[in-house]
Amino acid sequence: MSKKNWRVLRELFWLRFHGLTVFRFDFFAPFFVDGSLFLIQLLAFGAIYSNVDTIGSWGRGGMILYIGTFSLLNAVNMTVYFFGVTSIPHKVRSGELDLYLTKPVSPLFRLTFERISPGSVPLIVMSVCMISYGTASLDMTLSAARTVSYLFWLMLMEILYYEMEVIIRSVSLYVVSMARMEQLEEAGIDLCMKLPGIALYGVYKVIFYLLLPYGIMATLPVQRMIGEMSLRGALYGIGVVALFTVITYEVWKQGLKHYNSASS
Amino acid sequence: MRKYWEISKTYMKAQLVWRADVIFNMIFTISKILFAYLLWGTVFQDKEMVGTFTFHGMLSYYVVSSFLSQLEMSEGISSEIHDRLRNGTFSKYLVIPAGIERYFMAMELGVVLFYLIFDFAAAAVWVFVFRIRFVFAGEWQVIACALVMTVLGMVFMVQLNYFLGILTLRFEGIGTFLMIKNNLVSLVTGSIVPLALFPEFVVSILRLLPFYYVTYLPAMLLTGKCGEEAVRGIVIIGCWCVLMQLVIRAAWKKYFTAYDGAGI
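All figures in this text were calculated on a predicted structure; none of them were measured in a lab.

S.K.: Would you explain the confidence of the model for chain A in this entry?
M.R.: Interpretation of this model should avoid reading the predicted coordinates in detail wherever pLDDT is low. Averaged over all residues, the pLDDT of chain A is 89; the fraction at 70 or higher stands at 95%. Mean pLDDT values for the elements of chain A range from 64 in helix α2 (residues 24-27) of chain A up to 96 in helix α13 (residues 214-217) of chain A.

S.K.: Is there a simple way to think about the packing of aromatic side chains in this case?
M.R.: Any pair of aromatic rings gets described here by the distance separating the centres and the angle formed by the planes. Under the criterion given, the structure shown has 35 aromatic pairs over all chains. Aromatic side chains Tyr37 of chain B and Phe55 of chain B sit 6.3 Å apart centroid to centroid with 45° between the ring planes, which places their arrangement in the tilted category. Here the residue Tyr37 of chain B occupies a position in helix α3 (residues 30-43), and Phe55 of chain B occupies one in helix α4 (residues 55-71), the gap between them amounting to 18 residues. Arranged with centres 5.9 Å apart and planes meeting at 90°, the rings of Tyr103 of chain B and Phe104 of chain B form a pair that is edge-to-face. With relative accessibility at 8%, the residue Tyr103 of chain B sits in the buried group. In this structure Phe104 of chain B comes out as buried when scored by relative accessible area, which is 0%. Grouping aromatic residues by their ring pairs yields a cluster made of Tyr11, Phe90, Tyr93, Tyr103, Phe104, Tyr162, Trp252 and Phe256 of chain B. Over the ring of Phe35 of chain B we find Lys194 of chain A, and its NZ or CZ is 5.2 Å from the ring centre. In this structure, Lys205 of chain A packs its charged tip against the face of Tyr209 of chain A, placed 5.1 Å from the ring centre.

S.K.: Would you take a moment to explain a nonpolar patch on the surface for this structure?
M.R.: All names here are of chain A. There is a patch of nonpolar side chains on the surface, built from Val206, Leu210, Leu211, Tyr236, Leu243 and Ile247 and spanning about 480 Å² of accessible area. For the nonpolar patch, the secondary structure elements donating two or more residues are α12 (202-211) and α15 (231-258). Among the secondary structure elements, Val206 is positioned in helix α12.

Reading the values: rules and limits
- Residues numbered from 1 in each chain as written.
- Chains lettered and ligands numbered in written order.
- Predicted model: local features only at pLDDT ≥ 70, side-chain atom pairs only at ≥ 80, totals over all residues.
- Heavy atoms only, no water.
- pLDDT = per-residue confidence, 0-100.
- Helix = DSSP H or I, 4+ residues; strand = E, 2+ residues; numbered from the N terminus.
- Phe/Tyr/Trp six-rings, centres within 6.5 Å; stacked < 30°, edge-to-face > 60°.
- Buried < 20%, exposed > 50% of the residue type's maximum accessible area, 1.4 Å probe, protein only.
- Lys NZ or Arg CZ within 6 Å of the ring centre and 35° of its normal.
- Patch = residues over 30% accessible without salt bridge, like charges linked within 9 Å, V, L, I, M, F, W, Y side chains within 5 Å.
- Areas by Shrake-Rupley, 256 points an atom, 1.4 Å probe, with all protein chains shown as cover.
- Salt bridge = Lys/Arg side-chain N within 4 Å of Asp/Glu carboxyl O.

Written out as structure tokens, the structure reads:
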């Protein structure tokens, strides 16, 4: 990232921060809403594990780690780029995207970082607590190498999460209404945040490992952490991220060519 | 009563405008069934029974629970009241020659009656697609109790959402609170996991709350379980409806003087 982009990022952050602090309860709204969502997941799986020992090969600790990992991916998403990226369809429809195209900074860069949500930071803290609790329940020795590779997979999957969000919102550059795409995204995320990839098979695996790869987002980092990841799985994960990076770049680039200002 | 039936009919017809919504609502009912099918399919690989559920009994529960929660569409009432109070257009309901709460009840009835047949069709399709050996209650008395309880549960949810909408007059913004409420309701109505999987003391507490009787107990009754709770359940949810009505009246009397028709 160039020095100019860092300066832009800093300014965007402070502008957003001042705007958010006007409404203090709304400032922490993402934390309360998403925090309650993931705590409820923990309670629900606590109830399941009081009746069963394992789900697939994962015990209670593995599942807590999974929920914590998904929560962390979501927390970073909410803190850094969610509110910016999800505003793309509105900006396309209203023609507001014109302003972004004329500025001397990448439109996608500004859209991504202009609505950072500092109120979601407690979500990151909460997720880290869940992950710590999960690893403690797993009763395993946490080496530096394992932690670093878990963080590497987290970063990779966060990129994938971002790319999926951008691809889905970029559809608004091609079509008039994209409410169904957002509904599809919501259904996919809702399913995969409750269901680890190890429970998927056959056509469901194709859908959630390749077409809408929400199924690998928290599964691969957890598999790496608990030592279940195979070389094939690792190469597959990297391949999917690379593929979606290319798709995101092309969809956004071609989409901008379709953009006809307010008439889009 | 006739004017309220006219309101119901108007809302029933209004749904026809959004045909794509109807189709996609039907399709997206699959997400809950798919979650149950994959999760419990993995769990039941090693077990015959979980709690009091067999695999097909569990899936039957999710089909009925998903059908009932899909029918319960009153959450839009609170956001409708919230938005209209804030922008000053709530006056629309004051000039209509009908009781406001009864208007929303009639609206809910119209929407539910319209979706009833489509959601039922969707549930039947998923039973067929996932080859579920559907478990259904044998006694007509239990079925009748479940139906009465479902209706009372829906009335309670309309009342609750109406009450939360009125609270806009006190708190100005209730959007965040509504999202948190939706997360909690999904847990305590047994939409994520059957409440029977929670420890007994938790279930005893939940039995005192109205949400237990909104979708969970009717779904259990319709799948041939908890028959002994049927009559007691109707009495409890009936009492909650009466209590909620008193709370609504008190809140209306206390806060409605704050409405000036100009928005908040």
